[in-house]
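# Understanding the architecture of this molecule
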Amino acid sequence: MAQNDELALILVAAGSSARIGFDKTGKKIKKEYLAMNGGTVLSCAAKAFLSTLDFSTVVVTYPNSDNAEDLKANEQKSKDALFADDFVKNYKAKFIFVPGGKTRQESVHDALEAISENSPDCSLVFIHDGARPFLKAETVQLTYRAADEFGAAVPGLQPTETQKKIDENGFIVKHLLRASLTAVQTPQVFKFEPILEAHRIAAESTKTFTDDTEIWDEYASKRKDENGEPYSRVKVVLGDPENKKITYPEDIKSL
């Protein structure tokens, strides 16, 4: 790790887990809070980072609510899930819990603002799905080194199936080359100040962004750094097929 790097981690876990379904009692499943390896899905996701690099700040987003009691309960559930692992619980970092926004983009923006307020010297931020617990140290290191060099990095995998672009009626209109395509994962890692500023601009836009790499490319990559050099576009490093996000009921079988 570069000597002057101050690292922050955002674990995005404010979603409703709509596609995961219900348990046997009819209770809605919150996938990030499911038990895993003596902790939870969320604590396993956190541990992959905290056992690999030194982080000064960890921000976790959790489900928002208009009801004050429900909001407080949601925050406590998030804390219980994160600190279910003793390694994470005893880790020396500043832990911040932030209610999520209406969209993932809003949640990440709010988390970035929390880092700006509490850790203004942050140099790099890792943004990761809280429901992606199978992350390995190698991927953390690869994205860290690439972001440190280029400003932004993401793990990606080349599609195994031949890809086609179709029109609104389902007809193929373009034949795409797999060699030029990648399916991106998380963590998505960025220089902190430019991604924060990019999110601030994006928040004022009417455009919908699919992920943080798109926000970087739209706004941050067109800016210049402190040396007057333009920031790079997002560097893709080798992803991991096992770095899957828990999304559907069948994904729980792998826990």
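Below, the structure is looked at part by part. (Residues numbered from 1 in each chain as written. Predicted model: local features only at pLDDT ≥ 70, side-chain atom pairs only at ≥ 80, totals over all residues. Heavy atoms only, no water.)

## A word on the packing of helix α4 (residues 104-118) against helix α6 (residues 192-203)
Running from N to C, α4 and α6 cross one another at 135°; their axes reach a closest spacing of 10 Å. When the interaxial angle is binned, α4 and α6 end up oblique. Here α4 runs over α6; the crossing is left-handed. Contact residues: Gln105, Val108, His109, Leu112, Glu113, Ile115 and Ser116 in α4; Phe192, Ile195, Leu196, His199, Arg200, Ala202 and Ala203 in α6. In terms of residue class, the contact of α4 with α6 is built from 8 nonpolar, 4 polar and 2 charged. (Axes fitted to C-alpha atoms, helices over the stretch in contact; angles between N-to-C directions. Helix = DSSP H or I, 4+ residues; strand = E, 2+ residues; numbered from the N terminus. Parallel < 35°, antiparallel > 145°, perpendicular 65-115°, else oblique. Left-handed = near helix turned anticlockwise from the far one by under 90°. Contact = heavy atoms within 4.5 Å. Nonpolar A, V, L, I, M, F, W, Y, C, P; charged D, E, K, R; others polar.)

## As for the environment of Gly151
Tracing the sequence through the fold places Gly151 in the loop between α5 (137-150) and β7 (152-157). Accessibility expressed as a relative area gives 1% for Gly151, which makes it buried. A C-alpha to C-alpha distance of 21 Å links Gly151 and Leu135, two positions 16 residues apart in sequence. With residues up to four places along the chain from it excluded, the contact list for Gly151 reads Ala146, Val189, Phe190, Lys191 and Trp216. (Buried < 20%, exposed > 50% of the residue type's maximum accessible area, 1.4 Å probe, protein only.)

## With respect to the packing of aromatic side chains
For the coordinates displayed, the defined rule picks out 10 aromatic pairs. Ring centres of Phe49 and Phe126 lie 5.9 Å apart, and the angle between their planes is 75°; this geometry places the pair in the edge-to-face category. Pair noted here: Phe49 is in helix α1 (residues 41-50) and Phe126 is in strand β6 (residues 124-129), with a separation of 77 residues, a long-range link. For the pair Phe49 and Phe126, one class covers both residues: buried. Ring centres of Phe87 and Tyr91 lie 6.0 Å apart, and the angle between their planes is 55°; on these two criteria the pair is classed as tilted. Of the residues examined, Tyr91 reaches a relative accessible area of 15% and is grouped as buried. Clustering of aromatic rings is evident, with ring pairs tying together Phe49, Phe55, Phe126 and Tyr144. In this structure, Lys30 packs its charged tip against the face of Tyr33, placed 5.7 Å from the ring centre. (Phe/Tyr/Trp six-rings, centres within 6.5 Å; stacked < 30°, edge-to-face > 60°. Lys NZ or Arg CZ within 6 Å of the ring centre and 35° of its normal.)

## Some details on the pairing of strand β11 (residues 188-191)
Bridge analysis of β6 against β11 gives 4 bridges, and the strand direction is antiparallel. The residue of β11 that forms the bridge with Val125 is Phe190. (Pairing = 2+ DSSP bridges.)

## Some words on the pattern of salt bridges
On inspection of all chains with the given rule, the structure shows 15 salt bridges. Notably, a salt bridge pairs Arg200 with Glu113, separated by 2.8 Å at the nearest N-O pair. Here the residue Arg200 occupies a position in helix α6, and Glu113 occupies one in helix α4, the gap between them amounting to 87 residues. Since its relative accessible area comes to 33%, Arg200 is described here as partly exposed. A residue is classified by how much of its surface remains accessible, and Glu113, at 25% relative accessible area, is partly exposed. A salt bridge links Asp129 to Arg132; the shortest N-O distance between them is 3.0 Å. The class for Arg132 is buried, based on a relative accessible area of 10%. Through salt bridges with shared partners, a single network forms among Arg104, Asp129, Arg132 and Asp212. (Salt bridge = Lys/Arg side-chain N within 4 Å of Asp/Glu carboxyl O.)

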